[in-house]
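The lines below spell out each chain.
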Amino acid sequence: MITLSEVSKRFDKNPVVSNISLSVKEGEIIGLLGPNGAGKTTTLRMIAGILPPSSGTITINNLDITMHPEIKSHIGFMPENNPLYDDMTTEEYLSFWANMKGLADEQKKDAISYVVDRCGISEVYFRPIAELSKGYRQRVGFSQAILTKPKILILDEPTEGLDPNQRADISTLIRELSRQRTVIISSHVLSELSKIASRLIVIHKGTVVADATPEKLRTLGQKGQIIELEIDGTGVVKELKQLAGVRSVESDKNVYTVHSDSKTDIREALFKLAVRKKWILLTMYKREQAIEEVFSQLTHS
């Protein structure tokens, strides 16, 4: 549905995005990750048709967005920091955007009614935007982005500055809005984004350094396995260290962390060892890298 082919963006002579190529299928929820200055916002703005690429092409349904500006009517965009007009009421703001998006009078009422219900902002519909909480301001920003029921929804840092409860509410809203839509989201809240997105793309210094599902991304750069066991027994550390493939063992009371260089899952061997030694094996857990650890590895340079 969306294809970027060797897309670059320069401001003056400074490269911000360099030869990015990627494809987004219809119905995917894409999480765009990267440190500050990586080129995330610039990439989103190019996909939204706000910035033209310096080179390369961006196509939506095989149409070049720079040659076919009418494609923008299928895109809903919520920019970073969610700029709103504080002197307007929510009603006035939505009416303004309905006019800006070219909705006819007969369409306008239904469109506004749809977003007010979908985004849960009926309680603040007649209130000045300046008086709204951060959570409601984000909801109003969402309502603008989906007024025309776009097929593509682009959200730049939609949970920035929200408390944990507000982030949870907005994440739920994103999941609801993503049904029957293609969604691209950038965020610094990596663990949260990994629960929403079906695919994570990491950008560093203007280039794509990783593109995988959240599950596969956690395994990138991971050497061997880390297994945590809770065991009631004697001589545990000595016996664990002698097991083939085990590099090191850490212990804290009856909790043992086994670091293995083996690419083969060693949990079966650990279980059989516990049975043979007549240990009481209370728990066994294969630890995966946190998204934050992988992100640090990919963008630390």
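My aim in this report is to walk through the structure given alongside it, one point at a time. Since we're looking at a predicted model, the values are computed, not measured.

## Comments concerning the overall build of the chain
Thought 1: A tally of regular secondary structure across the chain gives 10 helices and 14 strands.
Thought 2: Against the 2.2 N^0.38 benchmark of 19 Å for 301 residues, the chain shows a C-alpha radius of gyration of 24 Å, more extended than a compact globule.
Thought 3: Once the C-alpha set of the chain is aligned to its principal axes, its extents read approximately 80 × 45 × 30 Å.
Thought 4: Counting contacts in the chain only where the partners sit at least 6 residues apart, residues at least 24 apart contribute 68% of the total.
Thought 5: With an accessible surface of roughly 15,700 Å², the chain has 48% of that area assigned to carbon and sulfur atoms.
Thought 6: Each charge class in the chain was averaged separately, 39 positive and 38 negative side chains, and the resulting centres sit 7 Å apart.

## Description of the environment of E123
Thought 1: For E123, the position within the fold is in the loop between α3 (105–119) and α4 (134–145).
Thought 2: Each C-alpha atom of the pair E123 and L177 lies 20 Å from the other, and the pair is 54 residues apart in sequence.
Thought 3: At 3.4 Å, the side chain of E123 and the side chain of Y136 are in polar contact.

## Comments concerning the pairing of strand β6 (residues 75–78)
Thought 1: In β6, alternate side chains face the same way, and those of I75 and F77 on one face and G76 and M78 on the other are all buried.
Thought 2: Relative to strand β7 (residues 152–156), β6 runs parallel, the two being bridged by four bridges. Paired with F77 across the bridge in β7 is I154.

## Focus on the packing of aromatic side chains
Thought 1: One pass over the full model with this rule turns up five aromatic pairs.
Thought 2: Seen from their ring centres, Y85 and F96 are 5.5 Å apart, and the 90° between their planes marks the pair as edge-to-face. Here F96 lies in helix α2 (residues 90–100) and Y85 lies in the loop between β6 and α2, a separation of 11 residues in the sequence.
Thought 3: By way of ring pairs, the aromatic residues Y85, Y93, F96 and W97 are connected into one cluster.
Thought 4: Here the guanidinium or amino end of K149 rests over the ring plane of Y114, the centre of that ring lying 4.5 Å away.

Reading guide: rules and limits
- Residues numbered from 1 in each chain as written.
- Predicted model: local features only at pLDDT ≥ 70, side-chain atom pairs only at ≥ 80, totals over all residues.
- Heavy atoms only, no water.
- Helix = DSSP H or I, 4+ residues; strand = E, 2+ residues; numbered from the N terminus.
- Rg over C-alpha atoms; globule rule 2.2 N^0.38 Å.
- Contact = heavy atoms within 4.5 Å.
- Areas by Shrake-Rupley, 256 points an atom, 1.4 Å probe, with all protein chains shown as cover.
- Lys, Arg positive; Asp, Glu negative; His and termini not counted.
- Charge placed at Lys NZ, Arg CZ, Asp CG, Glu CD.
- Polar contact = N/O pair within 3.5 Å; in protein donor to acceptor, adjacent residues only side chain to side chain.
- Buried < 20%, exposed > 50% of the residue type's maximum accessible area, 1.4 Å probe, protein only.
- Pairing = 2+ DSSP bridges.
- Phe/Tyr/Trp six-rings, centres within 6.5 Å; stacked < 30°, edge-to-face > 60°.
- Lys NZ or Arg CZ within 6 Å of the ring centre and 35° of its normal.

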